Amino acid sequence: MDANQIQNLFPGNIRRLLVDARLDYEKLYEIRLRVGRPLFVSYDGGECFLRKQGEEQYLVTREDLKETMEHVSGYSLYAYEDEIRQGFLSVQGGHRVGVTGKVILDGNQIRGMKYISCINVRLAHQVLGCADPVMPYIQKNTWVAHTLIVSPPRCGKTTLLRDIIRQLSNGREGIPGLTVGVVDERSELAGCYQGVPQNDLGPRTDILDGCPKVEGMQMLIRSMSPSVVAVDELGKEDDYKAVESVIHCGCKLIATAHGDSMEDVLEQPLFRKLWKDRVFQRYILLGTGEHAGMIQGIYDRNGNLC
């Protein structure tokens, strides 16, 4: 993790606070700026408000937010209008800058955002090798299991999916690498910056960045001939037809879903259908523990522990 690269996303006041705090950026998850509120950071093990030495907590100003947006956009904010309309933009290093404020509507469509009141910089953490414990369960020689990774927020499902993609693409232990197609709807898996992936997803991976999942899965099948299709955060009922198209064309599907437990996920209509059809051959359940990415269980298509 490049501390200078992260600190340079911010204007002088915020940057000095971050430098003086001497943070361990390998353990840092988020830096959050809210107008009129203290500068807030969350990390592995806790959270805190930053303050100048010997002073009260530093309260973020509207000018701090304005200057931060100028920094992260390279003083070309208009070039990121499409991304801001989705509520975030990606920066060098694969980090994601989320924004909230006054939404500008055109009918029912979001046209833009003004009066930005909160900026949340989510730091991208690629953990090479974190998928090592699960790979024997989802890949054996040329066989790959349709796999769903289930976890609560901030428990490592995207990080785990990222490393599974990398290992499938690279090949492992005498198993040849596979062509993997990734639909990176929220620019989190590859962390593309100006079209270039900032995270290592392997040499045989093709990425559709910022593309809706349903359209993206169908585009990859038609044009890129992937052996495996990977997507983050399934959940909408509209996803069902796209999942069907992946399965029926012979591709393997690796995906994630929000949920505190298997029962929690199976309450959602999409996953009830997929469970009934026995689509997924492996379910990997993550949970809270000593660190993000703790594996609670690996189950087969019938719900039995592997």
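What counts, and where the lines are drawn
- Residues numbered from 1 in each chain as written.
- Predicted model: local features only at pLDDT ≥ 70, side-chain atom pairs only at ≥ 80, totals over all residues.
- Heavy atoms only, no water.
- Helix = DSSP H or I, 4+ residues; strand = E, 2+ residues; numbered from the N terminus.
- Rg over C-alpha atoms; globule rule 2.2 N^0.38 Å.
- Buried < 20%, exposed > 50% of the residue type's maximum accessible area, 1.4 Å probe, protein only.
- Areas by Shrake-Rupley, 256 points an atom, 1.4 Å probe, with all protein chains shown as cover.
- Lys, Arg positive; Asp, Glu negative; His and termini not counted.
- Charge placed at Lys NZ, Arg CZ, Asp CG, Glu CD.
- Pairing = 2+ DSSP bridges.
- Axes fitted to C-alpha atoms, helices over the stretch in contact; angles between N-to-C directions.
- Contact = heavy atoms within 4.5 Å.
- Disulfide = S-S within 2.5 Å.
- Polar contact = N/O pair within 3.5 Å; in protein donor to acceptor, adjacent residues only side chain to side chain.
- Parallel < 35°, antiparallel > 145°, perpendicular 65-115°, else oblique.
- Left-handed = near helix turned anticlockwise from the far one by under 90°.
- Nonpolar A, V, L, I, M, F, W, Y, C, P; charged D, E, K, R; others polar.

Colleague: Describe the overall build of the protein chain, with residues and values.
Modeller: Each helix and strand counted, the protein chain has ten helices and 15 strands in total. In summary, the protein chain has a C-alpha radius of gyration of 20 Å against a globular reference of 19 Å for 306 residues, a match within 12%. Structurally, the protein chain occupies a C-alpha span of about 60 × 45 × 35 Å along its principal axes. In the protein chain, which comprises 306 residues, the proportion classed as buried is 46%. Just so you have it, the protein chain exposes about 15,200 Å², and 46% of that area is on carbon and sulfur atoms. The distance from the centre of the 36 positive side-chain charges to the centre of the 40 negative ones in the protein chain is 2 Å.

Colleague: I'd like a description of the pairing of strand E1 (residues 28-34), backed by residues and values.
Modeller: For E1, the tally of buried residues reaches five of seven residues, placing the bulk of the element in the interior. Of the strand pairs in this sheet, E1 and strand E2 (residues 40-43) are connected by four bridges, and their pairing is antiparallel. Bridged to Arg 32 within E2 is Phe 40. Counted between consecutive antiparallel strands, the loop separating E1 from E2 contains five residues, among which Gly 36 sits at a positive phi close to 75°. Of the strand pairs in this sheet, E1 and strand E6 (residues 109-122) are connected by five bridges, and their pairing is antiparallel. Residue Glu 30 lies in a different strand from E6, and its bridge partner there is Arg 122.

Colleague: Lay out the sheet that holds strand E12 (residues 228-231) with the relevant residues and their values.
Modeller: Taking strand neighbours across the sheet as the criterion, the seven strands line up as E11-E10-E12-E13-E9-E14-E15 in an open arrangement whose pairing is mixed. Strand pairing shows two members of the sheet lacking a second neighbour, strand E11 (205-209) and strand E15 (294-300), which therefore form its edges. Each adjacent strand pair in this sheet contributes to an overall mean axis angle of 15°, direction not counted. Relative to strand E14 (residues 282-287), strand E9 (residues 147-151) runs parallel, the two sharing four bridges. Across the sheet, Leu 148 pairs through a bridge with Tyr 283, a residue of E14. Here helix H6 (residues 157-170) sits on the sheet and contacts E9, strand E10 (180-184), E11, E12, strand E13 (252-258) and E14; the angle it forms with E13, its principal contact strand, is near 170°.

Colleague: I'd like a rundown of the side chain of Thr 158, residues and numbers included.
Modeller: Checked against the element boundaries, Thr 158 lands in helix H6. With residues near it in sequence (within four places) discarded, Thr 158 still touches Glu 188, Leu 189 and Asp 232.

Colleague: Explain the state of the cysteines residue by residue, including any values.
Modeller: For the coordinates displayed, the defined rule picks out zero disulfides. Cys 306 forms no disulfide, and the closest cysteine sulfur to it belongs to Cys 130, at a distance of 19 Å. The class for Cys 306 is partly exposed, based on a relative accessible area of 41%.

Colleague: Which residues make up the sheet that holds E1, and what values do they have?
Modeller: If you trace the six strands from one edge of the open sheet to the other, you get E3-E2-E1-E6-E5-E4, paired in antiparallel fashion. Each edge of the open sheet is held by one strand with a lone partner, namely strand E3 (46-49) and strand E4 (88-90). The average undirected angle you get between the axes of adjacent strands in this sheet is 30°. Packed on one face of the sheet, helix H3 (residues 62-72) meets E1, E4, strand E5 (96-106) and E6 and runs near 100° to E6.

Colleague: Before we move on, could you go through the side chain of Asp 163 and cite the residues and values that matter?
Modeller: With respect to the helices and strands, Asp 163 occurs in helix H6. One polar contact links the side chain of Asp 163 to the main-chain amide nitrogen of Ala 131, over a distance of 3.0 Å. Residues contacting Asp 163, with those up to four places away along its chain left out, are Val 127, Leu 128, Gly 129, Cys 130, Ala 131 and Asp 132.

Colleague: Give a detailed account of the packing of helix H7 (residues 213-223) against helix H8 (residues 239-248), specifying residues and quantitative values.
Modeller: In contact at an axis separation of 9 Å, H7 and H8 are set at 15° when each is read in the N-to-C sense. In terms of axis orientation, H7 runs roughly parallel to H8. The interaxial crossing formed by H7 with H8 has left-handed handedness. In this structure, H7 uses Lys 213, Val 214, Met 217, Gln 218 and Ile 221 to contact H8, whose residues at the interface are Asp 239, Ala 242, Val 243, Ser 245 and Val 246. Residue classes in the contact of H7 with H8 are distributed as six nonpolar, two polar and two charged.

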